[in-house]
Amino acid sequence: MAKATKAGRRSPTALSLFSGAGRSARFLSNRGFSTAEVDWEHNSCNDLSTLQGCADAELLELDSDVLMIEIDCATWSTARRAPATSSLPHRLRRAGKFTLGLPNLPQRDRQKLQAANRCVRSTVRMVKSSIRRGKSGFLENPHSSLIWGFLEKSLDAEIAAGKITFCTCTMCAYGTPWRKGTKVMLWGPQAANVALRKCCSKKFCQFSKKMHEPLSSNTVVIVKDKVFATKKAQTYPNKFVRHLLGQLVLKDPTTTFKPG
Ligand SMILES: [Zn+2]
């Protein structure tokens, strides 16, 4: 992943897992980083929930200065709530005793859970490794995701030692018509100084001065290109990427948030 610069120095490296539209990797690539993106949307061989996928990602992590994890929140979502007889997504987990999966689920759901649990355990190993090596990184998920309970338990020593910090924000503060409360876990030398933007109003956006667009699985929201809004909202705005990575990685004053 690393490439040598003309002066013979190794350029900094960044690994983007579940990279989706690849905005985080592109931001750092445009600033001189050598980047690697892994997402099964690019190629089905890049499935980070398989044993091989986890092993490959963990090897790549060892060579990365910045680790960016935009893990799929699907099985961790509290929005899943269809009854067992429905073909719509069922609730798979519950906070506390059943964070890793509810008992007596159909086989298809159990397989989904197994893959997602393997994936998050691998993620925890990579976060620990990145911290141990003194590197930076972030992991994001919706604020309501049940993944936070698992991560806080698995990384309790690092959190207690002050090596991990958390930040919350809303995407409407970065230009989306929906609010989408998002939580970001951060580590690295500049992690404690990162501050993100948050809209404190539920209905009326304090940034756009308009009503927030709904983004709930209770509401069927189909946008112009017929993508479910919940899916579409998985791509984060460039403004958010710039604001987050500018503070965490670049310490660049020009990345300071400017409204509009
Ligand atoms: Zn807002």
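Our subject is the structure that appears above.
Now for a description of the structure that goes with this document. None of these values were measured; they are calculated from a predicted model.

Rules and cut-offs
- Residues numbered from 1 in each chain as written.
- Predicted model: local features only at pLDDT ≥ 70, side-chain atom pairs only at ≥ 80, totals over all residues.
- Helix = DSSP H or I, 4+ residues; strand = E, 2+ residues; numbered from the N terminus.
- Buried ≥ 20, exposed ≤ 12 C-beta atoms within 10 Å, placed from the backbone.
- Contact = placed C-beta atoms within 7 Å.
- Expected span 1.5 Å × (residues − 1).
- Core = buried A, V, L, I, M, F, W, Y, C linked by C-beta atoms within 7 Å.
- Pairing = 2+ DSSP bridges.
- Axes fitted to C-alpha atoms, helices over the stretch in contact; angles between N-to-C directions.
- Parallel < 35°, antiparallel > 145°, perpendicular 65-115°, else oblique.
- Left-handed = near helix turned anticlockwise from the far one by under 90°.
- Nonpolar A, V, L, I, M, F, W, Y, C, P; charged D, E, K, R; others polar.

This part covers the overall build of the protein. Helix and strand counts for the protein come out as seven helices and six strands. The buried share of the protein, reckoned over its 260 residues, is 34%. Put simply, of all contacts in the protein between residues at least 6 apart along the chain, 61% involve residues at least 24 apart.

The end-to-end C-alpha distance of helix α7 (residues 238–250), which contains 13 residues, comes to just 15 Å, noticeably less than the 18 Å that a straight helix rising 1.5 Å per residue would cover. Looking only at α7, the buried set comprises Phe-240, Val-241, Arg-242, His-243, Leu-244, Leu-245, Gln-247, Leu-248 and Val-249. The inward-facing, buried residues of α7 abut α1 (23–29), β3 (66–69), β4 (136–142) and β6 (181–187). Just downstream of α7 lies Lys-251, where phi reads positive at about 55°.

So, on to unusual backbone geometry. Positive phi values are uncommon outside glycine, yet Lys-180 reaches one of about 45°. Taking the number of C-beta atoms within 10 Å as the measure of exposure, Lys-180 has 23 and is therefore buried. Of note, the phi angle at Lys-209 is positive, near 65°, even though the residue is not glycine.

By the secondary structure assignment, Trp-187 is in strand β6. With 25 C-beta atoms counted inside 10 Å, the residue Trp-187 sits in the buried group. Note: C-alpha distance between Trp-187 and Gly-137 (50 residues apart in sequence) is 5.5 Å.

Moving on to the nonpolar core. In this structure, Leu-28, Met-68, Phe-138 and Leu-186 are the most contacted members of the largest nonpolar core, which totals 51 residues. Once residues lying within four places of it in the same chain are set aside, the contact partners of Leu-28 are Ala-14, Phe-33, Thr-35, Val-66, Leu-245 and Val-249.

Before going further, it helps to examine the environment of Thr-235. Tracing the sequence through the fold places Thr-235 in the loop between α6 (229–232) and α7. On the neighbour-count criterion, Thr-235 (14 C-beta atoms within 10 Å) is partly exposed. As for Thr-235 and Gly-22, which are separated by 213 residues in sequence, their C-alpha atoms are 8.8 Å apart.

The sheet built from six strands is open, its strands ordered β2-β1-β3-β4-β6-β5 with mixed pairing. With partners counted over all chains shown, the strands left at the sheet margins are β2 (34–38) and β5 (164–170), one partner each. Strand-to-strand twist across the sheet, computed as the mean angle between neighbouring axes with direction ignored, equals 15°. Bridge count between β3 and β4: four bridges; the pairing is parallel. Opposite Met-68, over in β4, you have Phe-138 as the bridge partner. Across the sheet, α7 touches β3, β4 and β6, and the angle it forms with β4 is around 155°.

Next up on the list: the pairing of β4. Of all seven residues in β4, seven are buried, a share of seventy percent or more. Where β4 lies against β6, six bridges are found, and the strand directions are antiparallel. From the neighbouring strand, Phe-138 faces β6, where its bridge partner is Leu-186.

Where helix α2 (residues 51–61) meets helix α3 (residues 107–132), the axes come as close as 10 Å, and the angle between the chain directions of the two elements is 10°. With respect to each other, α2 and α3 are oriented roughly parallel. When you trace α2 past α3, the crossing you get is right-handed. Touching Cys-54, Ala-57, Glu-58 and Glu-61 of α2 are Arg-118, Cys-119, Ser-122, Arg-125, Met-126, Ser-129 and Ser-130, all from α3. When its residues are assigned to classes, the contact of α2 with α3 shows four nonpolar, three polar and four charged.

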